[in-house]
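Chain by chain, the residues run as shown.
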Amino acid sequence: MSRRLSEGLVQEDGRVRCRACGHDLAQAGTPWKAAARLVERPMKGAGGKAYSAGAAVRLRQFCCPNCGALLDTETALAGDPFLDDVVGA
Amino acid sequence: MDPITFSIIRHRLFRVVEEAVITLKHVSGSAITNEGHDLMVSLYRADGSLLMGGVGFLHHLTSAAEACKAVIRRFSGRIEEGDVYLLNDPYTAALHTSDIYLIAPIHHEGRLVAWSACFVHVYDIGAMNPGGFSPESPDIYTEGFSSPGIRLVERGVLRQDVFDTLLNMVRSPEMVALDLRSMIACNNVAKDRMLALIHKYGVATVDEACAELIGQSERLLRKRLGELPDGTWRSRQFMDVKGEVHRVELAMTKAGDSLVFDFTGSSPQSRHAINCTQWASLGGLFAPLFPLLCYDITWNEGVIKPITMIAPEGTVVNCRRPAPVSVATVGAIQSVNNAACATIGKMLSASELYADEATAVWHANHFAIFMFGRNQRGGQSIGILTETFAGAGGARSFADGIDVGGEIPNPISRMANVETMEAAFPIRYLFRRRMIDSGGPGRHRGGAGCELAITPHDAPDGGLHYVVSGKGAEFPMSDGLNGGYPGAPNSYIWVHQDEAGGDNRDARFAKALDELPGRKEPVTWGVFPLMGKDALYVRWNGGGGYGDPLEREPARVAADVHANLVSAEAAQAVYGVVLQADGRVDEGATAERRKTLRRGRLLTEAAE
Amino acid sequence: MGERARYIVASDVGGTCTDTVVFAAGEPIHLGKALSTPPHFADGVLDSLDVAARAMGLACTALLVETALFVHGSTVVDNAILTRSGARTGLLTTEGFEDTLLITRGAYGRWSGLSEDRIKHPVKTDRATPLVDPAAIKGVAERVDYKGAVLRELEETSAEEAIRFLIEERGVEALAVSLLWSFYNPVHERKLRALIERVAPGVYVTLSSEVAPVPGEYERSSTTVINAYAGAISRDYLQSLESKLGAAGYRGPVMVMQGYGGLLPAREAANLAVGMIESGPAAGVIGARYLGRLMRDADIIACDMGGTTFKVGVIQGGAFGYAREPLVDRYHYAAPKIEVVSIGAGGGSIVALDPETKVPRVGPQSAGASPGPVCYGRGGTEPTLTDVMTLIGYMDADHFLDGSIKLDLSAARRVFDEKIARPLGRSVEAAAFGIYRIAAAQITDLIHEITVERGLDPRDFVLHSFGGTCALLSATFGRELNVRKVIVPYTASVHCAFGLVSADIVHEYTHAAVLPVPSPPEAVNDLFAPMVERALGTLHREGFAGDRLSLDWSIDLRYSRQVHEVTTTVRAETPLDASGLVRLVDDFEALYERKYGAGSAYREAGIEMTLFRLTARGLMARPTIEPASLNSPDSSGARIGRRAVYSEAKDAMAPADIYDFTRLVPGNLVAGPAVIHTPITTIVVPDAQTARMDALRNIVIELG
Ligand SMILES: [Zn+2]
């Protein structure tokens, strides 16, 4: 039985998995971002010219380490903890 | 309760609010009330609990309930038929001083049976800066008059001494008088219609229907919460003011049929007026909650019961007196709106049943620019750039965000025509259009914001001045959802064309910021001139995107490029879509490009 | 037309049916009904003429030869917009503002025209797809300022390139031209038209300065686009109608109803597609006003309820208001249009219980004409208001629409019992009457809100009840509104057509300019003079002179710092002198306070005049309706039986007298509870109320 956790994540067999490829990211009911690939880049220019953000502002992209699907984004400054979303197991 | 009678009373209660809103708009006649719909009218039960919230600026529904309760506490035993109370102290219940509540008890045969309350953003409140938003104020004492509760009308008779005292403290007292009169009239209509309802059905029946209405809303929301998965979802908002960064941190936890919003970790209160008080934060989280979770549920006390807020004292979301709060509605409150929208969006998205209700954040950053000065007819004009109400929609699970589509906390706003603005102020617009690359990229793109530029025109004093309290030029605030990017941030640029030398004849009709000569100085906070050849360029945020931009249908990206909503560069860099010279999608190159971008993600180190 | 020409023929094209009515002095009204024939609506008009002629024992040609005047209302433009079947349209606008139409003043275009329920659910809202392909919008280099001064001359070379691009690359068949401030100075729009006519002579062109010369570039552009989009369709339609009528023997003028309640000669109407929008409901209001004149009622709430929609128009002191922000489908336009508010409530409105709370609801979903109510037996499976009316005995299962449809009462009962009555724990009749009360209460609330919006008190009004469903409810909601009386007009069945023949030729002219108060009267007169000259020229050409024409001046005024503008009629001699202007301002102030409430005016800010309107009328001859002499109150001759209907007083089904409208004679009284069946509707006379037939054969229920 697979259960929706977000657009890109499902819970299956007690695990948080990438919906696209089934990659195992974390135990169900726990944060998963630590197991994701983090692509971090300056927010300035990230989406085009209109992104006139400050130099220190980062766009974090959390991706499936197996298939590269983009699972979540965050706006952050260096050192900010992840926004760890947890859906109850 | 007889369901037929209940159905009729419910419908009528809603109409009571509607008719009161009409009255408010009619009597006031101000642009901010009529165009921006910056108003609210609601009905409350005898104990001050919310009975029927109207469509307006929704963060006021709960605050006005608290205002009713504050009046009940202060005037206990002395509340008389025909009284009207004024309350605008943010540390008691209000959001900021310029959003004045007028609260009126409704008596039936001598017994208090209900309250009506309304607000408008008054023309001026006597703060340091005109118009209500007062970025230069260091504390609440300089944000104009504020009352924790005062009787303005006593047994149906206006207390002229109180009225005159209030008007003595504001700029343009006649306009403020009109605002106050409109609110008195609005409460009168609400009272008359409410009493007619009671007369027809009897006080006991109406009371029973009201109690049932609240019980029903609570049952419905609890049932919905029960259908949603348990979990904790987080969001973070940044507000930058003059180089100082403030955060609103939110962890929203849903367990069973209740919901907790915990703002622990938010920044200490600021010396700048972006702070908000605890009642304002509560209103701020309910503003998106009503339309996002209760779109088919009556907005009343029943919806409030399953919700708990934790907001540590001394932070930007629960500041201590005398911290300044005049910018709260477009400062910390709006950040609370955004954070709540983001976490609710994530929660809905975690549910198979409700995923199509999820949305990325809409128009996260009002820019609230108030212009003031002598106009082309020699009179004084003070007024808001109503473009701040134009907004941008967040992307949804099933569709793009709506370009320039408004905002969630104020569902029926709109902006004025260019011709209206040029007639009212000594300014000329150079352009006003959707901003390229402003909508947050995603499988569904966030709605675009806009850019505009204005310059003085026929101004007897050579121009005018404006107040800007524009945090958020450093950080995008309209968060994306499920991998969507945030919408682009706001930008405010003072173009010093007079420093460019030459006559710059071509620049008189510049079509873009690049075509304007002269030094370009970003401005965000304070009072600035728009004089001589100055131009003010304003860009407002797009909505957040939804999903992975590499999954967006290439044809849609091409269409966006064609419509000037996405640049060819962003199409390639962000969406991985390569276009041919004729503008059509180069399928092969696109597939290749997307593969490369995806591979690039995998080459990055693991997050920790 | 020959001397024998004695008929006035009115033909009204609706979404489903086309009605033709033939009036002649001293003769009964003849009616012809035929199905509408989209998109070739002219065929349906001829069909309905044929039906009417046959009813008179004439050939269609014989009828038309004897017809002096043909008046016409049509939904052809509404239909073109609703079905998106207009021309491929391009838009030329001021450079830098190409997005104006697409942005719709922000969220305005997203929520306009939505019900409150949908507004509260913003995630599921969207804009209507624009009538112009965004890729067919081009900016042109030019600029005029707020006082009409040219700041930048039109660059004709690049403008010509833009035109060529739209025609050659985008394939547009129609062009809308809408520039900033063009209503003050149309010079660039006119130059663009000349360019278009040179570059692409066949393309249909609309200028904003001609179709909507009012401030507000978004609404003006939207109007211009609508007109360009539907322009060729309305032009071709009216041309084909004229030629078909001509071929059938008609030699008189064809007059076309406008949304503002006046007629235009077909040739003029052909170039003003936007004018025909919602002209049917406008004709309804005009008809109500005329009937009001005959009955000496100047304050009327005109209600029309059919299968899907409930429409309300308000007439006050014999005058009606214009809609402030009219919409067609979900597109804004700025053209004078009689205000008619509609909600989705009709006989086909579906009755449902909220799945969670079991609270009953009427509408907004509708079963429409197909499958329709359960009792129609055409496959409808959801109970509707019509089913409810049948269950409580108000509608007669055997004599619906003159017996043309036999209603399936047992199916209605079975479905209603299962879906509504049993879940509510009530008998079918008690539950059905509860639903009836809810519907009446919702309509009461709507009308109340509309009158509050205008600063009016319903207790001063009479209520006209039109349409197939309205009279079933109108005595009930009329009583709750406390109106003076409810009138079900004799002409209810041909209501819109009746409005057509009671209308005048009306040309509306406007000039936007801001003049302070006080201004010298000459400044105002100078603005009106060219409009007066144009109006007189036009009316003279149409054959109106002397006391058969009237020119009415009105001016929109506002307090300088407030947004509400009030159209104020000039009641003094024109051209104005100083005292006339003073009187105008006094009238404005009184109107403002009445509409917006005591203390709503901020006089200290000063007063401005913003829009100057000339209404030029060519007065038409009306069919005369002779009052009959009153007979005795005894209505027993029309009593056709007794059956059980729901009685509120007894809270149960109880026997009531049933009457045949066609057998009632003027002077008859009908005591409630009673039901009067007419060929097209059913009139419910509740307990303790009395209906009478007046000298004009209207049914009148006095309440006040
Ligand atoms: Zn994967």
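Here the structure is shown first, and the text comes after it.
Described in the following lines is the structure provided in the data block.

Basis of the calculations
Residues numbered from 1 in each chain as written. Chains lettered and ligands numbered in written order. Predicted model: local features only at pLDDT ≥ 70, side-chain atom pairs only at ≥ 80, totals over all residues. Heavy atoms only, no water. Salt bridge = Lys/Arg side-chain N within 4 Å of Asp/Glu carboxyl O. Helix = DSSP H or I, 4+ residues; strand = E, 2+ residues; numbered from the N terminus. Buried < 20%, exposed > 50% of the residue type's maximum accessible area, 1.4 Å probe, protein only. Donors = N, O, S within 2.8 Å, 3.2 Å for Na, K, Ca; no water. Tetrahedral: all angles 85-135°; square planar, octahedral: opposite > 155°, others 65-115°. Core = buried A, V, L, I, M, F, W, Y, C linked by side-chain atoms within 4.5 Å. Contact = heavy atoms within 4.5 Å. Phe/Tyr/Trp six-rings, centres within 6.5 Å; stacked < 30°, edge-to-face > 60°. Buried area = accessible area lost by both parts, 1.4 Å probe. Polar contact = N/O pair within 3.5 Å; in protein donor to acceptor, adjacent residues only side chain to side chain. Pairing = 2+ DSSP bridges. Axes fitted to C-alpha atoms, helices over the stretch in contact; angles between N-to-C directions. Nonpolar A, V, L, I, M, F, W, Y, C, P; charged D, E, K, R; others polar.

1. A short note on the pattern of salt bridges
Here's step 1: Tallying each qualifying case throughout the model produces 95 salt bridges over all chains.
Here's step 2: Residue Lys223(B) pairs with Glu356(C) through a salt bridge whose shortest N-O separation is 2.8 Å. A residue pair is termed interchain when its members come from two chains, as with Lys223(B) in helix 6 (residues 203-227) and Glu356(C) in the loop between strand 19 (349-353) and strand 20 (360-366).
Here's step 3: With relative accessibility at 37%, the residue Lys223(B) sits in the partly exposed group.

2. Remarks on the coordination of the zinc ion
Residues and elements named next belong to chain A.
Here's step 1: The zinc ion binds to the protein through Cys18 (SG), Cys21 (SG), Cys64 (SG) and Cys67 (SG); the donor distances cover 2.3 Å.
Here's step 2: Considering all 4 donor atoms around the zinc ion, angles at the metal cover 102 to 113° and the coordination shape is tetrahedral.
Here's step 3: Within one chain, the residues donating to the zinc ion are spaced in sequence as C-x2-C-x42-C-x2-C.
Here's step 4: With relative accessibility at 32%, the residue Cys21 sits in the partly exposed group.

3. A word on the nonpolar core
Here's step 1: Core analysis: the biggest nonpolar cluster contains 253 residues, and Phe261(B), Leu293(B), Phe310(C) and Phe477(C) have the highest contact counts within it.
Here's step 2: No other element matches helix 15 (residues 428-453) of chain C, which puts 14 residues into this core.
Here's step 3: Sequence-distant contacts of Phe261(B), that is, excluding residues within four places in its chain, are made with Leu250(B), Ala251(B), Met252(B), Leu285(B), Leu289(B), Ile307(B), Thr308(B), Met309(B), Ile310(B), Ala340(B), Thr343(B) and Ile344(B).
Here's step 4: Phe97(C), Val172(C), Val205(C) and Ile277(C) belong to the second-largest nonpolar core, a separate cluster that totals 119 residues.

4. Quick notes on the packing of aromatic side chains
All names here are of chain C.
Here's step 1: A full pass over the atoms with the stated rule returns 35 aromatic pairs over all chains.
Here's step 2: Between Trp181 and Phe183 the ring centres are 5.5 Å apart and the planes differ by 35°, which places this aromatic pair in the tilted class.
Here's step 3: Note on Trp181 and Tyr184: the rings are 5.7 Å apart at their centroids and 15° apart in plane angle, and the pair reads as stacked.
Here's step 4: Of the residues examined, Trp181 reaches a relative accessible area of 2% and is grouped as buried.

5. Here's the deal with the interface of chain A and chain B
Here's step 1: Residue-level contacts link 50 residues of chain A with 54 residues of chain B.
Here's step 2: Buried area between chain A and chain B, summed over both chains or domains, comes out near 3900 Å², and the portion from carbon and sulfur atoms is 52%.
Here's step 3: Here chain A is connected to chain B by 4 salt bridges.
Here's step 4: Ionic pairing is found between Arg236(B) and Asp80(A), a salt bridge with its closest N-O pair at 3.8 Å.
Here's step 5: The tally of links from chain A across to chain B stands at 21 residue pairs in polar contact (both at pLDDT 80 or more).
Here's step 6: Taken together, the elements giving at least two residues each to the side of chain A that touches chain B come down to strand 1 (2-4), strand 5 (37-42), strand 6 (58-63), strand 7 (70-76) and strand 8 (86-87) of chain A.

6. Notes on the sheet that holds strand 3 (residues 15-18) of chain A
Residues and elements named next belong to chain A.
Here's step 1: Taken in spatial order, the 4 strands line up as 1-2-3-4 in an open sheet, and their pairing is antiparallel. With partners counted over all chains shown, the strands left at the sheet margins are strand 1 and strand 4 (24-27), one partner each. In this sheet, adjacent strand axes meet at a mean angle of 35° when their direction is disregarded.
Here's step 2: Alignment of strand 3 against strand 4, held across 3 bridges, turns out to be antiparallel. Paired with Val16 across the bridge in strand 4 is Ala26.

7. Some details on the interface of chain C and chain B
Here's step 1: Facing 75 residues of chain C, the contacting portion of chain B comprises 85 residues.
Here's step 2: Both sides together, the interface formed by chain C and chain B hides about 7000 Å², and carbon and sulfur atoms give 54% of it.
Here's step 3: In terms of surface lost to chain B, no three residues of chain C exceed Arg105(C), Lys120(C) and Val123(C), which account for 11% of the buried area on that side.
Here's step 4: Along the contact surface separating chain C from chain B lie 16 salt bridges.
Here's step 5: In this structure, Lys147(C) engages Asp458(B) in a salt bridge whose closest nitrogen and oxygen atoms are separated by 2.5 Å.
Here's step 6: The interface formed by chain C and chain B holds 42 residue pairs in polar contact (both at pLDDT 80 or more) in total.
Here's step 7: The biggest single contributor to the side of chain C that touches chain B is helix 15 of chain C, with 13 residues.
Here's step 8: For the side of chain C that touches chain B, a count of residues per class yields 31 nonpolar, 14 polar and 30 charged.

8. Observations regarding the sheet that holds strand 14 (residues 427-434) of chain B
Residue and element names in this part refer to chain B.
Here's step 1: Pairing is antiparallel in the open sheet, where 5 strands are placed in the order 14-15-20-17-18. Both outer strands of the open sheet, strand 14 and strand 18 (519-522), are each paired with one neighbouring strand and no more. Each neighbouring strand pair of the sheet contributes to a mean axis angle of 20°, computed without reference to strand direction.
Here's step 2: Bridging between strand 15 (residues 450-456) and strand 20 (residues 535-539) involves 4 bridges; their strand directions are antiparallel. If you follow Leu452 over to strand 20, its bridge partner there is Val538.

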